[in-house]
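Chain by chain, the residues:
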Amino acid sequence: RYGSRLGLKLSGIIGGVVSSTAVSIAMGRCAQRTPEHAYDAMQSSLLASSVMYIRILVLLLILNPLLAGELSWRLIGLCLAGVFLSFHFHENSSPVGNQKVENLRNPFEIRPALIFAAVFVLLSIASVWVRENLGNAGLMALAFFLGLTDIDPFILSLAKTSGPVEPAICLAILLAMMGNTVAKGLYFGFLGAAVRTATFWRYALWAILHLLLLLTF
């Protein structure tokens, strides 16, 4: 509708409320089809991923305020880092014009909601089983690999725990987010060949920041 670089930025910000992974793939396809707009598409992907941290923080505030308080400054910092990375790039990309960007799936449709609920239940059971049988190390491995797909059900399953905040839960959430960041960088980078190097080093720096924050626990 906005027909310019502003339109892609807004698509990234709004789409990040729904699914930053979906936005990254859609923008990767946009960069693949029109390489001259690849930098703008990359910016949109980074902005969508930045919004993810605020989305998760809001969910944690609703479900587990203590856990949200423990992670708040870290998630806000990761969000700001993504915003910085999205704006710190070569500016010689041309306007996008009226090119249409792929529509994101409506998160309130019945089928996705039912799938989300089923995955949430399965991951709740899996998280408990892994922790009881494989310990915290198993939970960390599960967190990272699940981050390569969709982190929301996994994080919500961890957020429903009661009692004092355990460092292992915080570490698992950050690891899941790091895995998700790595996955989105790979998704977009392989699709958007024109900005592959620029994409990989930005997402790599972002992932390293997650690792540094893990050391704060």
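Only a predicted model underlies this, so the values are computations on that prediction, with no experimental measurement involved.

Draft legend 1. A look at the overall build of the protein. For the protein, the count of helices and strands is 8 helices and 0 strands. Secondary structure elements of the protein, listed N to C terminal, follow the sequence α-α-α-α-α-α-α-α. The buried share of the protein, reckoned over its 217 residues, is 46%. In the protein, once contacts between residues fewer than 6 apart in sequence are set aside, the share between residues at least 24 apart is 79%.

Draft legend 2. Region of interest: empty space enclosed by the protein. Per the counting criterion, the structure on display carries 1 cavity of 30 Å³ or more. In this structure, the largest cavity spans a volume of roughly 60 Å³. Lining the largest cavity, in full, are Asn64, Leu67, Thr161, Ser162, Gly163, Pro164, Val165, Glu166 and Ile169. For the lining of the largest cavity, the residue count by class is 4 nonpolar, 4 polar and 1 charged.

Draft legend 3. Structural view of the packing of helix α2 (residues 20–33) against helix α3 (residues 38–63). Between α2 and α3, the least distance of the axes is 9 Å, while the angle of their chain directions is 180°. With respect to each other, α2 and α3 are oriented roughly antiparallel. In contact with Ser20, Val23, Ser24, Met27, Cys30 and Ala31 of α2, α3 contributes Ala38, Ala41, Ser44, Ser45, Ala48, Ser49, Met52 and Arg55. Of the residues that constitute the contact of α2 with α3, the class distribution is 8 nonpolar, 5 polar and 1 charged.

Draft legend 4. Structural view of the pattern of salt bridges. Applying the stated criterion to the full structure yields 1 salt bridge. Asp152 is paired through a salt bridge with Arg55; the nearest N and O atoms lie 2.8 Å apart. Remark: Arg55 occurs in helix α3 and Asp152 occurs in helix α6 (residues 152–159); sequence separation between them is 97 residues. On the accessibility criterion, Asp152 (11% relative accessible area) is buried. According to the relative accessible area criterion, Arg55 is buried, its value standing at 15%.

Draft legend 5. Examining the side chain of Ser50 more closely. Within the secondary structure layout, Ser50 lies in helix α3. Among the polar contacts listed, one links the side chain of Ser50 to the backbone oxygen of Leu46, at a separation of 2.8 Å. Within the structure, Ser50 has its side chain in polar contact with the backbone nitrogen of Val83 (distance 3.2 Å). When sequence neighbours within four positions are dropped, the list of residues in contact with Ser50 reads Cys79, Gly82, Val83 and Trp206.

Draft legend 6. A look at the nonpolar core. With 51 residues, the main nonpolar core has Leu60, Leu75, Phe154 and Met177 as its most contacted residues. Breaking this core down by element, the ones donating at least two residues are α2, α3, α4 (65–87), α5 (110–146), α6, α7 (167–191) and α8 (196–214). Counting residues per element, this core draws most heavily on α7, at 11 residues. When near neighbours in sequence (up to four residues on either side) are disregarded, Leu60 contacts Pro65, Leu67, Ala68, Leu71, Leu75, Ile155 and Ala159.

Draft legend 7. Molecular detail of a nonpolar patch on the surface. A surface patch of nonpolar side chains, about 540 Å² in accessible area, is lined by Ile54, Val58, Ile62, Leu63, Ile76 and Leu80. Looking at the nonpolar patch, the elements that each hand over two or more residues are α3 and α4. Tallying contributions element by element places α3 first for the nonpolar patch, with 4 residues. Along the chain, the position of Leu80 falls in helix α4.

Conventions used here
- Residues numbered from 1 in each chain as written.
- Predicted model: local features only at pLDDT ≥ 70, side-chain atom pairs only at ≥ 80, totals over all residues.
- Heavy atoms only, no water.
- Helix = DSSP H or I, 4+ residues; strand = E, 2+ residues; numbered from the N terminus.
- Buried < 20%, exposed > 50% of the residue type's maximum accessible area, 1.4 Å probe, protein only.
- Contact = heavy atoms within 4.5 Å.
- 1 Å grid on protein atoms, 1.4 Å probe; cavity = no way out; pocket = protein on both sides within 12 Å on 5 of 7 lines; lining within 4 Å.
- Points joined across faces, edges and corners; volume = space filled by probe spheres on them.
- Nonpolar A, V, L, I, M, F, W, Y, C, P; charged D, E, K, R; others polar.
- Axes fitted to C-alpha atoms, helices over the stretch in contact; angles between N-to-C directions.
- Parallel < 35°, antiparallel > 145°, perpendicular 65-115°, else oblique.
- Salt bridge = Lys/Arg side-chain N within 4 Å of Asp/Glu carboxyl O.
- Polar contact = N/O pair within 3.5 Å; in protein donor to acceptor, adjacent residues only side chain to side chain.
- Core = buried A, V, L, I, M, F, W, Y, C linked by side-chain atoms within 4.5 Å.
- Patch = residues over 30% accessible without salt bridge, like charges linked within 9 Å, V, L, I, M, F, W, Y side chains within 5 Å.
- Areas by Shrake-Rupley, 256 points an atom, 1.4 Å probe, with all protein chains shown as cover.

By themselves these figures say nothing about function.
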